[in-house]
Amino acid sequence: MDFSNKNQSRRSIIKSLFAGLLTGVAGMFGVAQAAPSDKKDRSIKHIPASDAGGQEVPLFSGSVTHEGLVYIAGKGYHEEGDITKHTTEVLNSLEEELEKAGSSMDRVLKVNVYLADLDDYDEMNDAYRGRFGDSPPVRTTVATYGGVPGDSLVEIDCIAALNE
């Protein structure tokens, strides 16, 4: 007598009963069961080809899109000027990058601001105010120890929803 088929059949029946029981219990409590995911259908991050800049493996990407969001790397301004000039130029650069990726300033959800000097906080806010529409994103602002790379007075990165 071959028991392997009976054991396999018994396991299949038990699994089916258990799955049905869980579905029924979840339904009683209003919990939906997630559909099985097919990894082939899941979106993967998209990095614009222009970010490679001729390098075989770039150090980082200027932007990445993934599952309806765009992540913009920190932007700085590396020319002469005060904090107002630097903040304005950085925000202009962010706006350009967002539009290239298929988003806009009013779809920004999260912003990180890195200041070379915390004494520039108020003037940075004056240049920042109103740039993200009527509903500004959540924001974290910190002063960096040792300054912002490239002698920028401010660096800003963000996460935004892609246009629908």
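The shown structure was predicted, so the numbers you read here are calculated from the model rather than taken from an experiment.

Reading guide: rules and limits
- Residues numbered from 1 in each chain as written.
- Predicted model: local features only at pLDDT ≥ 70, side-chain atom pairs only at ≥ 80, totals over all residues.
- Heavy atoms only, no water.
- Pairing = 2+ DSSP bridges.
- Helix = DSSP H or I, 4+ residues; strand = E, 2+ residues; numbered from the N terminus.
- Axes fitted to C-alpha atoms, helices over the stretch in contact; angles between N-to-C directions.
- Contact = heavy atoms within 4.5 Å.
- Buried < 20%, exposed > 50% of the residue type's maximum accessible area, 1.4 Å probe, protein only.

Considering the sheet that holds strand S2 (residues 69-76)
Argument step 1. Read from one edge to the other, the open sheet built from 5 strands follows the order S1-S2-S5-S3-S4, with strand pairing classed as mixed. Since the sheet does not close on itself, it has two edges, and those belong to strand S1 (63-66) and strand S4 (138-143), each with one partner. Taking the axes of each pair of neighbouring strands and ignoring which way they run, one obtains an average angle of 10° across the sheet.
Argument step 2. The sheet contact formed by strand S3 (residues 108-115) and strand S5 (residues 154-161) spans 7 bridges and is antiparallel. Pairing of Val113 across the sheet is with Ile156, part of S5.
Argument step 3. Helix H3 (residues 121-128) rests against S3, S4 and S5 of the sheet, and its axis sits at about 150° to S4.

Here's the deal with unusual backbone geometry
Argument step 1. Despite not being glycine, Glu67 shows a phi value in the positive range, around 45°.
Argument step 2. Residue Glu67 is classed as partly exposed on the basis of its relative accessible area of 49%.
Argument step 3. The backbone of Asp151 sits at a positive phi, close to 60°, despite the residue not being glycine.
Argument step 4. Structurally, Asp151 can be placed in the loop between S4 and S5.
Argument step 5. Since its relative accessible area comes to 70%, Asp151 is described here as exposed.

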